[in-house]
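# Secondary and tertiary structure notes
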Amino acid sequence: MELNLEEALRYLGIKGFPPEELRRETAAVADRLTAALRPRYVYRVFPLSRAPEGAALEGSGVTLPGETARRMLADCDQAVLLLCTLGAGFETMLRAAQVRDMAQAAMLDACGSAWVESGCDAAQEELQARFPGRYLTDRFSPGYGDLPLSLQPAVCAALDGGRRLGVQVAESFLMNPTKSVTAVIGLSDRPQPARIRGCGFCPMAESCPARKGGKSCAS
């Protein structure tokens, strides 16, 4: 598992080629983070059925409403719920960095976003190895497209995220620890096209609260 430095720089808001000094400083922050913490994740695979309310993950208590889930899972008979987190240790590191140097703290925050995404990538690779001959969709998260963020509590409950990973969901539907991600991945017998191509293709791009904060729904 490796932290994608280019992703970290993107989370920092860097476009094009960053100054070499900034790249070196961000890489050093990334090295400290990856030496101290590793992403942890849990997932479960559920049979998938269609209901008037949306795509139902049988036995999970989770139904995914809307066009995004319908499109993403159109060819699937199973779906995976995934939760990945850097845990409370990241919050401790970030608070300490904020006291010392806000620029370093911003780099650490960006690296944390990239590192938790690396954990999701590792989970997806594990799933592919567990299900040879099956095809995975792109993963997508509550808050992407028209999939409501209000699904977070149900997804975390289905995965027993509080007990297993220490992840809680606030009334605002944001997760604590903050570097935590939930996602859905479909499983199909047919090859799946890449459907998620960034914020420019998301129907919520103009009103997305994550974009207003300089991030994406994955961070």
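Our structure is the block above this text.
As a starting point, this report considers the structure included with it. Since the structure is predicted, the reported quantities are computational estimates derived from the model, not experimental observations.

If you check helix 4 (residues 88–100), its first and last C-alpha atoms are 19 Å apart, about what 13 residues at 1.5 Å a residue would give, namely 18 Å. The set of residues buried in helix 4 consists of Phe90, Glu91, Leu94 and Ala97. Looking straight down helix 4, one finds its buried side chains confined to an arc of 130 degrees; they lie on one side. Exposed residues pointing more than 90 degrees away from the buried face of helix 4 are listed as Ala88, Val99 and Arg100.

In this section: the packing of helix 2 (residues 20–36) against helix 5 (residues 102–130). Pairs of packed helices are described in terms of their axes, by the angle between the two and the distance that separates them. Running from N to C, helix 2 and helix 5 cross one another at 60 degrees; their axes reach a closest spacing of 9 Å. By the angle between their directions, the pair helix 2 and helix 5 is classed as oblique. Judged by the twist between their axes, the crossing of helix 2 over helix 5 is right-handed. Touching Leu22, Glu25, Thr26, Val29, Ala30, Arg32, Leu33 and Thr34 of helix 2 are Gln104, Met107, Leu108, Cys111, Gly112 and Trp115, all from helix 5. Among the residues forming the contact of helix 2 with helix 5, the class breakdown is eight nonpolar, four polar and two charged.

Tracing the backbone through its elements, the reader meets Arg139 in the loop between strand 5 (135–136) and helix 6 (152–158). There is a polar contact of 2.9 Å between the side chain of Arg139 and the side chain of Gln124.

Here we take up the pattern of salt bridges. Inspection of every chain in the model, using the stated rule, returns ten salt bridges. For Arg139, the salt bridge goes to Asp121, with nearest N and O atoms at 2.8 Å. One end of the pair, Arg139, is in the loop between strand 5 and helix 6; the other, Asp121, is in helix 5, with 18 residues separating them in the sequence. Residue class for Asp121 comes out partly exposed when judged on its relative accessible area of 34%. Between Asp160 and Arg163 there is a salt bridge whose closest N-O contact spans 2.5 Å. For Arg163, a relative accessible area of 65% translates into the label exposed. A single network of salt bridges, built from pairs that share partners, joins Asp77, Arg134 and Asp189.

What counts as what
Sequence order sets the numbering: in each chain, residues are counted from 1 along the sequence as written. Reporting in this predicted model follows two pLDDT cut-offs: at least 70 for local features of residues, and 80 or more for side-chain atom pairs to be given and counted; totals over whole chains, interfaces and linings ignore these cut-offs and use all residues. Neither water nor hydrogens contribute to the side-chain values; these are computed over all heavy atoms in the structure. Secondary structure elements are defined from DSSP: runs of H or I of at least 4 residues count as helices, runs of E of at least 2 residues count as strands, and each element is numbered from the N terminus. Expected span, for any helix, means 1.5 Å times one less than how many residues it has. Here's how the labels work: a residue is buried when its accessible area is under 20% of the maximum for its type, exposed when over 50%, partly exposed in between, all with a 1.4 Å probe on protein chains only. Directions from the helix axis toward the C-beta atoms define the arc. Note on method: axes are straight lines fitted to C-alpha atoms, helices fitted across the in-contact stretch only, with angles between N-to-C directions ranging 0 to 180 degrees. Throughout this description, any angle smaller than 35 degrees is read as roughly parallel, any larger than 145 degrees as roughly antiparallel, any in the 65 to 115 degree range as roughly perpendicular, and the remainder as oblique. Note: crossing handedness is left-handed where the near helix turns anticlockwise from the far helix by less than a right angle, and right-handed where it turns clockwise. Residues count as neighbours in contact if any of their non-hydrogen atoms are within 4.5 Å of one another. Ten residue types, Ala, Val, Leu, Ile, Met, Phe, Trp, Tyr, Cys and Pro, are classed as nonpolar, four, Asp, Glu, Lys and Arg, as charged, and the remainder, Gly among them, as polar. Here a polar contact means two N or O atoms within 3.5 Å. Within protein one must be a hydrogen donor candidate and the other an acceptor candidate, and residues neighboring in sequence count only if both atoms are side-chain atoms. Definition used for salt bridges: Asp or Glu carboxyl oxygen within 4 Å of a side-chain nitrogen of Lys or Arg.

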